Amino acid sequence: MSHTLYTASVNRVQRCELAVPGSNPDFFEKALKSGVDFVFLDLEDAVAPDDKLRARKNVIEAINDIDWHGHGITVSVRINGLDTQYMVRDVVDLVEQCGAKLDTILIPKVGVYSDVYMVEAMLNQLEMQQGLKNKIGIEALIETALGMANVEDIARQGACGRLEALHFGVADFAASNRARTTNIGGLNPNYPGDQWHAAISRMTVACRAYGLRPIDGPFGDFKDPEGFKAAAKRAAALGCEGKWAIHPGQIELANEVFTPPPAEVEKAKRILQALQEAAAQGKGAAALDGRLIDAASERMAKNIVTAAEAIAAKSA
Ligand code: GLV
Ligand code: MG
């Protein structure tokens, strides 16, 4: 192991993150009872320009009045982009009016680390001004060619501050790259494989290098549970910890994919046990079910057991 080690500063269970438009308060109560780990109340792309100010008010009211934490839900707000006239007031009003109950801010279309820095600096000042005891985290959407080109730098510098997670925003990423599709997160039959693989993999590596959570973004076809699950499984196989739901029907699917199944946990525990027994005999490696296991197997198995324990603790 390198002597340089970046570990997660905040751990949160984030198997699924439900996107809830700030302009639709009718959805807030449904989100509360949905069984999701994380919600983001949206001020950005799901809200029309004429609704921006009303949505901001709705979101502040929802954070103050609804018991998200009591329902085991981490609450985030997706603010408007740094290139809009809304973003500064989004951050100021949120922290001044509901900062004590806000867990994270999700910044869309982050292109360079300075985008994160600006929000970080604002949060530092506003939290001091409000005398807040909690520290609001930052999450960033990697969804532009520029953001992906700078993803390692964003992760490395952001990890020294409040940045906790990066999300892959497949729709804007497709637009930014002029990928030939209008389908959010689905596979393009003209591409022999998964056209999002390289991008998700790159973002995931940047996250894991610097102690951040990698989260996969939306899948637009909410009538295609199999397509959603397949996309979630591909993201999980690469190391993502969770995926967005843009419809409540996708929550259970994501929870299922990102919860290690009992057989996997059992196998991981058997690996740990077998290696302990091998160590007692002075051996570093062993055979289990006809396969070699060694110290790297132990690290993989521990990841599974730790994830399962965190999920179990949250559900308890
Ligand atoms: C999410 O914001 C996306 O663009 O996919
Ligand atoms: Mg987007």
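Residues numbered from 1 in each chain as written. Chains lettered and ligands numbered in written order. Predicted model: local features only at pLDDT ≥ 70, side-chain atom pairs only at ≥ 80, totals over all residues. Heavy atoms only, no water.

Student: How do you make sense of the packing of aromatic side chains when you look at a structure like this?
Tutor: Between two aromatic rings, the relevant description is the distance of the centres plus the angle of the planes. With the rule as written, the count across this model stands at six aromatic pairs. Both rings, one in Y113 and one in Y117, keep their centres 6.2 Å apart while their planes meet at 70 degrees; by these two values the pair is edge-to-face. Note that Y113 and Y117 are positioned in helix α4 (residues 113-130) at a spacing of four residues, about one turn of the helix. Members of the aromatic cluster, each reached through a chain of ring pairs, are F168, F173 and W196. (Phe/Tyr/Trp six-rings, centres within 6.5 Å; stacked < 30°, edge-to-face > 60°. Helix = DSSP H or I, 4+ residues; strand = E, 2+ residues; numbered from the N terminus.)

Student: Help me understand the coordination of the magnesium ion (ligand 2), please; the structure alone is not making it clear to me.
Tutor: Ideal donor angles around a metal are set by the shape: a four-donor tetrahedron calls for 109.5 degrees, a six-donor octahedron for 90 or 180 degrees. At 2.0 to 2.2 Å from the magnesium ion (ligand 2) lie its protein donor atoms, namely E143 (OE) and D172 (OD). Taken together, the residues E143 in the loop between β5 (137-142) and α5 (145-149) and D172 in helix α7 (residues 170-177) connect sequence positions 29 residues apart. Of the residues examined, D172 reaches a relative accessible area of 21% and is grouped as partly exposed. (Donors = N, O, S within 2.8 Å, 3.2 Å for Na, K, Ca; no water. Buried < 20%, exposed > 50% of the residue type's maximum accessible area, 1.4 Å probe, protein only.)

Student: Just to check I follow, could you spell out α4 for this structure?
Tutor: Note on helix geometry: an α-helix contains 3.6 residues per turn, so any two residues three or four positions apart are oriented the same way. With 18 residues, α4 should reach 26 Å at 1.5 Å per residue; the first-to-last C-alpha distance of 26 Å fits that figure. The set of residues buried in α4 consists of Y113, D115, V116, V119, E120, M122, L123, L126 and E127. Looking at the packing, one finds that the buried side of α4 touches α3 (87-98), β4 (104-107), β5, α6 (151-158) and β6 (163-168). (Expected span 1.5 Å × (residues − 1). Contact = heavy atoms within 4.5 Å.)

Student: Would you take a moment to explain the UniProt feature "domain: HpcH/HpaI aldolase/citrate lyase" (unreviewed entry) in the protein for this structure?
Tutor: Within this numbering scheme, the UniProt entry marks residues 19-248 as carrying the feature "domain: HpcH/HpaI aldolase/citrate lyase" (unreviewed entry). When the span residues 19-248 is considered, its composition is 43% helix and 16% strand, and the gap between its end C-alpha atoms is 9 Å. (UniProt positions renumbered as here; feature names shortened; annotations may be inferred.)

Student: I'm lost on empty space enclosed by the protein in this one. Help?
Tutor: Over the atoms, a rolled probe matching the size of one water molecule traces out where space is still vacant. Under the criterion given, the structure shown has one cavity of 30 Å³ or more. Computed from the structure, the largest cavity encloses a volume of approximately 90 Å³. G185, W196, I200, D216 and A231 are, among the 13 residues lining the largest cavity, the residues nearest its centre. A total of three residues in the lining of the largest cavity trace back to one element, the largest contributor, which is helix α9 (residues 225-238). Class assignment for the residues of the lining of the largest cavity results in eight nonpolar, one polar and four charged. (1 Å grid on protein atoms, 1.4 Å probe; cavity = no way out; pocket = protein on both sides within 12 Å on 5 of 7 lines; lining within 4 Å. Points joined across faces, edges and corners; volume = space filled by probe spheres on them. Nonpolar A, V, L, I, M, F, W, Y, C, P; charged D, E, K, R; others polar.)

Student: Just checking my understanding: could you explain α7 for this structure?
Tutor: Those residues of α7 that sit buried are V170, F173 and A174. Down the axis of α7, the sector holding all buried residues measures 100 degrees, keeping them to one side. (Arc of directions from axis to C-beta.)

Student: What's the story with the pattern of salt bridges in this structure? I'm lost.
Tutor: Note that side chains of opposite charge can pair when their charged atoms are close. A complete count under the given rule lists 24 salt bridges for this structure. Across the pair D37 and K314 runs a salt bridge, and its minimum N-O distance is 2.8 Å. With D37 in the loop between α1 (26-32) and β2 (38-42) and K314 in helix α12 (residues 295-315), the pair connects residues that are 277 residues apart, well separated along the chain. D37 gets classed as buried once you look at its relative accessible area, which sits at 0%. Put simply, D172 and K109 hold a salt bridge, and the shortest N to O gap is 3.1 Å. Note that D172 is positioned in helix α7 and K109 in the loop between β4 and α4, a separation of 63 residues in sequence. Residues joined in a network through salt bridges with shared partners are D42, E44, D45, R78, K109, E143 and D172. (Salt bridge = Lys/Arg side-chain N within 4 Å of Asp/Glu carboxyl O.)

Student: Would you mind going over the packing of helix α2 (residues 52-65) against α3 with me for this structure?
Tutor: Two quantities define a packed helix pair, namely the angle between the axes and the distance from one axis to the other. Relative to each other, α2 and α3 sit at 25 degrees, their axes nearing to 10 Å. Considered as vectors, α2 and α3 are oriented roughly parallel to each other. Pair α2 / α3 crosses with right-handed handedness. Contact with α2, carried on its side by R56, V59, I60, I63 and N64, involves R89, D90, D93, L94, Q97 and C98 of α3 and no other residues of that element. Of the residues belonging to the contact of α2 with α3, the class tally is five nonpolar, two polar and four charged. (Axes fitted to C-alpha atoms, helices over the stretch in contact; angles between N-to-C directions. Parallel < 35°, antiparallel > 145°, perpendicular 65-115°, else oblique. Left-handed = near helix turned anticlockwise from the far one by under 90°.)

Student: Explanation requested: the site of ligand 1 in the structure shown.
Tutor: Neighbouring ligand 1 are R78, E143, G169, V170, A171, D172, P218 and W244. Within the side chain of E143, one N or O atom sits 2.9 Å away from an oxygen atom of ligand 1. Within the backbone of V170, a nitrogen or oxygen atom sits 3.1 Å from an oxygen atom of ligand 1. The element contributing the most residues to the shell around ligand 1 is α7, with three residues. The residue makeup of the shell around ligand 1, split by class, is four nonpolar, one polar and three charged. (Near = heavy atom within 4 Å. Polar contact = N/O pair within 3.5 Å; in protein donor to acceptor, adjacent residues only side chain to side chain.)

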